[in-house]
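Residue-level listing of the chains:
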Amino acid sequence: MQQVPARQPIEKACYWMVTRTREPDLALEGRQDADVVIIGSGFTGLWTSLFLRELQPGLDIVVLEQGMAAHGASGRNAGMLGANIDHSHELAIEHFGRDEAEVLIQAGQKNFEELFQFLAARGIDCDLERNGVLNMALSTRQFEHLREAVRSAHALGASQIRVLDAAETRAEINSPLYHGSSFNPDAALVNPVKLVEGLKRESARLGTRFHERTRVTAIEAGRAGVRVRTLGGEIHARKVVLASNAYSHKLLPRLGRYFLPLYDYVLVSEPLSQAQREIIGWRRRQSVGDARTFFNYYRLTADDRVLWGGSDARYHSGNRVDEACDHSEVHYAALRESWGQHFPDLSDVEFPYAWGGPICATTRLTPFFGTLKRGRLVYGLGYTGHGVGSTRLGGRILAHLALGRSDRVLDFKMVRSKPWPYPPEPLRTLAVSAVSEALRRVDRGERPSLLLRALDAMGIGFSS
Ligand SMILES: Cc1cc2nc3c(=O)[nH]c(=O)nc-3n(C[C@H](O)[C@H](O)[C@H](O)COP(=O)(O)OP(=O)(O)OC[C@H]3O[C@@H](n4cnc5c(N)ncnc54)[C@H](O)[C@@H]3O)c2cc1C
């Protein structure tokens, strides 16, 4: 495999996108009409289109995307699909209370099973492997926390999760760093671009119209409806659904108060040989993460490459989200170093693919929803690292909000209330760096600082 240099445009840098062969759909030109316009062709936009079709099959729906479908985080992620709607059960209790945490666990479990049923029923192939997820402890203290987290998950009804001691853990993944782990069978692997393409094909088959390379530049609401302007045309619709996650502040600056756009970076290796695989073990091909706030996560691809990522996401000052943020040499070097620390005998493995993508972090680390523009615009954003699965539930929420239909998902506290806002710049950059440093110290084994304890007391908790 030829070394692909870093700093390629995302379509060439991202392993998942490189294997896609289709041409982009035609851009929007001139004036058109629709019942509902969806902005963004990632998981949120596509699931919303599918739920809208289910609720009202004859609806005229148009999806507008500035790149090709999966241009944002949906095409750039690790493809680790879990049942979580919350960021962690502990944080869900802190932010929403114990009863709601249980409700979210149940809703997540149902969403997870329904997602598989949908893929099977519609024949969507996305290299799905239902192998579960290992959460690793890198110190005895982390292992104690993991065991506590498993006990609290059991008490909330997630009884499928179990603890593995150090020997059992290393029998699965042979790294000298691991002191134990927890295993949750309710997790799967997907090729995210294949999943997006499958959902898009299904939505198009049911009648949704798609325009790609079509950047929305303005949304203007009037009494009769809403006008969505793009670089080359405009659409008049009854409702607009904003499914643009970390990009949303560019169209609606007021939403930017509620989230930080952050960039997560990953590497993808050349295919591992049989001998290299045997060094790691990994016979069951699980997704893997660890118990730190800034953790490493990794998985195998269908052709046995390692996708190696890190959650030490970068905030680009001034809420920047653009192609200049797609690469970070500092993050790539740190990722290579952490790979070598985890698997010293494999430190010479090459990683020809490297890229980053924007996630959207609220102070609750869960999405939020609402309406603007006299109720004509519906939004749902705030997906961080669990969006591959939870965006399906978000799509269901958005479809019901857009059509004014009632459903129990609209009663979730994450739908009914807003997260605490972040401060504006320049305070924002300072706050991000202070909180990140405090969380890093906890990852290194220190006690949470006064700052973190104060934020926890306010119900703003960031540690996973
Ligand atoms: C490196 C990385 C690894 C991750 N790993 C995982 C993982 O393993 N598991 C997991 O569950 N989650 C993971 N995530 C998170 C997950 O990918 C996201 O939560 C999820 O994809 C969010 O989907 P979305 O549709 O809401 O947003 P996006 O996929 O970002 O979609 C928004 C879309 O809107 C379009 N858009 C924005 N503005 C405009 C405009 N003005 N006009 C037209 N179109 C516009 C964008 O181009 C984009 O396609 C990861 C994310 C990253 C970046």
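Position labels on residues start from 1 in each chain and follow its written sequence. Since the coordinates come from a predicted model, pLDDT governs what is reported: local features require at least 70, and pairs of side-chain atoms require 80 or more to be given and counted, while whole-chain, interface and lining totals use all residues.

1. Points about the overall build of the protein
Scanning the protein from N- to C-terminus turns up 16 helices and 20 strands. When its C-alpha atoms are laid out on the principal axes, the protein stretches across 65 × 50 × 45 Å. Here the protein, with 464 residues, has 50% of them falling under the buried criterion. In this text, helices come from DSSP runs of H or I with a minimum length of four residues, and strands from runs of E with a minimum of two, each type numbered from the N-terminal end. Whether a residue is buried, exposed or partly exposed is read from the other C-beta atoms within 10 Å of its own C-beta, which are placed from the backbone; 20 or more gives buried, 12 or fewer gives exposed, and intermediate counts give partly exposed.

2. What about the pairing of strand 18 (residues 353-361)?
Within strand 18, 9 of the 9 residues are buried, which leaves the element mostly enclosed by the surrounding structure. Here strand 18 shows two buried faces, one formed by Tyr353, Trp355, Gly357, Ile359 and Ala361 and the other by Ala354, Gly356, Pro358 and Cys360.

3. Some details on helix 15 (residues 427-443)
Because an α-helix completes one turn every 3.6 residues, residues spaced three or four positions apart along the sequence face the same direction. By this rule, a helix spans an expected 1.5 Å times one less than how many residues it contains. Helix length check: helix 15, at 17 residues, gives a terminal C-alpha distance of 24 Å against a target of 24 Å (1.5 Å per residue), a fit within 8%. Looking one or two places after helix 15, you find glycine 445, whose phi comes out positive at around 105°.

4. Thoughts on helix 5 (residues 89-96)
Those residues of helix 5 that sit buried are His89, Leu91, Ala92, His95 and Phe96. Along helix 5, the residues classed as buried sweep out an arc of 155° about the axis, all on the same side. Contact criterion: two residues are in contact if their C-beta atoms, reconstructed from the backbone, are within 7 Å. Those residues of helix 5 that are buried lie in contact with helix 6 (98-121), helix 7 (140-155) and helix 14 (413-416). Phi for glycine 97, located one or two positions after helix 5, is positive at around 95°. Summarising the geometry, the arc corresponds to the directions from the helix axis toward the C-beta atoms.

5. What to know about the sheet that holds strand 10 (residues 216-221)
Two strands pair if DSSP finds at least two bridges between them. Read across the open sheet, the 4 strands follow the order 1-12-11-10; overall the sheet is mixed. Two strands lie at the open edges of the sheet, namely strand 1 (30-33) and strand 10, each paired on one side alone. Sheet twist, expressed as the average angle between the axes of neighbouring strands with direction ignored, equals 15°. Of the pairings in the sheet, the one linking strand 1 to strand 12 (residues 233-237) comprises 4 bridges and is parallel in character. Residue pairing in the sheet places glycine 30 in a bridge with glycine 233 of strand 12. To obtain an axis, a line is fitted to C-alpha atoms, over the contacting stretch when the element is a helix, and the angle between two such axes runs from 0 to 180 degrees between their N-to-C directions.

6. Focus: the site of the ligand
The criterion for a residue being near a molecule or strand is a backbone-placed C-beta atom within 6 Å of that molecule or strand. If you check the shell around the ligand, you find 40 residues, and the closest are Gly40, Gly42, Gly72, Gly357 and Gly387. Of all elements in the fold, only helix 3 (43-55), helix 4 (73-76), strand 14 (260-268), strand 18 and helix 13 (387-403) reach the threshold of two or more residues within the shell around the ligand. Each domain's extent is set by a domain assignment, obtained either automatically or from a database. Residues from two domains meet in the shell around the ligand; each of domain 1 (10-77 + 193-259 + 364-416) and domain 2 (132-186 + 260-360) gives at least three.

7. Overview of unusual backbone geometry
The omega torsion of the bond from glutamate 425 to proline 426 falls at 5°, within 30 degrees of zero and hence cis. Residue position: proline 426 is located in the loop between helix 14 and helix 15.

8. Some words on the sheet that holds strand 3 (residues 61-64)
In a beta sheet, neighbouring strands are held together by backbone hydrogen bonds and run either parallel or antiparallel to one another. Here we have 6 strands laid out as an open sheet, ordered 9-3-2-13-20-19, and mixed in their pairing. Where the open sheet ends on each side, the last strands, each with one partner, are strand 9 (209-211) and strand 19 (368-372). Across this sheet, the average inter-strand angle for adjacent strands is 20°, counted without regard to direction. Here strand 2 (residues 36-39) runs beside strand 13 (residues 239-242); their pairing, made up of 4 bridges, is parallel. When the bridges of strand 13 are listed, isoleucine 38 appears paired with valine 241. Across the sheet, helix 13 touches strand 2, strand 13, strand 19 and strand 20 (377-381), and the angle it forms with strand 20 is around 165°.

9. Points about the packing of helix 5 against helix 6
At a minimum axis separation of 7 Å, helix 5 and helix 6 run at an interaxial angle of 135°. On the basis of their axis angle, the class for helix 5 and helix 6 is oblique. Handedness of the helix 5/helix 6 crossing: right-handed. From helix 5, His89, Ala92, Ile93 and Phe96 reach across to helix 6, where they touch Arg98, Glu100, Ala101, Leu104 and Ile105. For classification purposes, an angle smaller than 35 degrees is called roughly parallel, one larger than 145 roughly antiparallel, one from 65 to 115 roughly perpendicular, and anything else oblique. A crossing counts as left-handed when the near helix is turned anticlockwise from the far one by less than a right angle, and as right-handed when that turn is clockwise.

10. Let's talk about the pairing of strand 12
In the case of a regular strand, side chains alternate between the two sheet surfaces. Examined bridge by bridge, strand 11 (residues 226-230) and strand 12 share 4 bridges and lie antiparallel to one another. Among the inter-strand pairings, arginine 229 is bridged to a residue of strand 12, identified as glutamate 234. The hairpin turn running from strand 11 into strand 12, its antiparallel successor, is 2 residues long.

11. So, the packing of helix 3 against helix 9 (residues 192-205)
When two helices pack together, their arrangement is given by the angle between the helix axes and the distance between those axes. Between helix 3 and helix 9, the shortest axis-to-axis distance is 10 Å and the interhelical angle comes to 30°. When the axis of helix 3 is compared with that of helix 9, the two are roughly parallel. In this structure, helix 3 crosses over helix 9, and the sense of that crossing is left-handed. Here helix 3 contributes Phe43, Leu46, Trp47, Ser49, Leu50 and Arg53 to the contact with helix 9, which in turn contributes Val196, Leu199, Lys200, Glu202 and Ser203. A per-class count over the contact of helix 3 with helix 9 returns 6 nonpolar, 2 polar and 3 charged. Just so you know the grouping, Ala, Val, Leu, Ile, Met, Phe, Trp, Tyr, Cys and Pro go in nonpolar, Asp, Glu, Lys and Arg go in charged, and all remaining residues, Gly too, go in polar.

12. Regarding the environment of valine 103
Within the secondary structure, valine 103 is located in helix 6. On the basis of neighbour counts, which here come to 20 C-beta atoms within 10 Å, the residue valine 103 falls in the buried class.

13. As for the nonpolar core
In this structure, Val36, Val37, Ile39, Val240, Val241 and Tyr353 are the most contacted members of the largest nonpolar core, which totals 128 residues. Built from parts of two domains, this core gets at least three residues from each of domain 1 (10-77 + 193-259 + 364-416) and domain 2 (132-186 + 260-360). In contact with valine 240, other than residues within four places in its own chain, are Val37, Ile39, Ile219, Val226, Val228, Arg376 and Leu377. Among buried residues, those of type Ala, Val, Leu, Ile, Met, Phe, Trp, Tyr and Cys that are joined through C-beta atoms within 7 Å form a set called a nonpolar core.

14. A word on the environment of histidine 211
Along the chain, histidine 211 falls in strand 9. Through-space distance from the C-alpha of histidine 211 to that of leucine 28 is 5.6 Å; in sequence the pair is 183 residues apart. Non-local contacts of histidine 211, meaning those with residues more than four positions away in its chain, are made with Asp25, Leu26, Ala27, Leu28, Val62 and Leu64.

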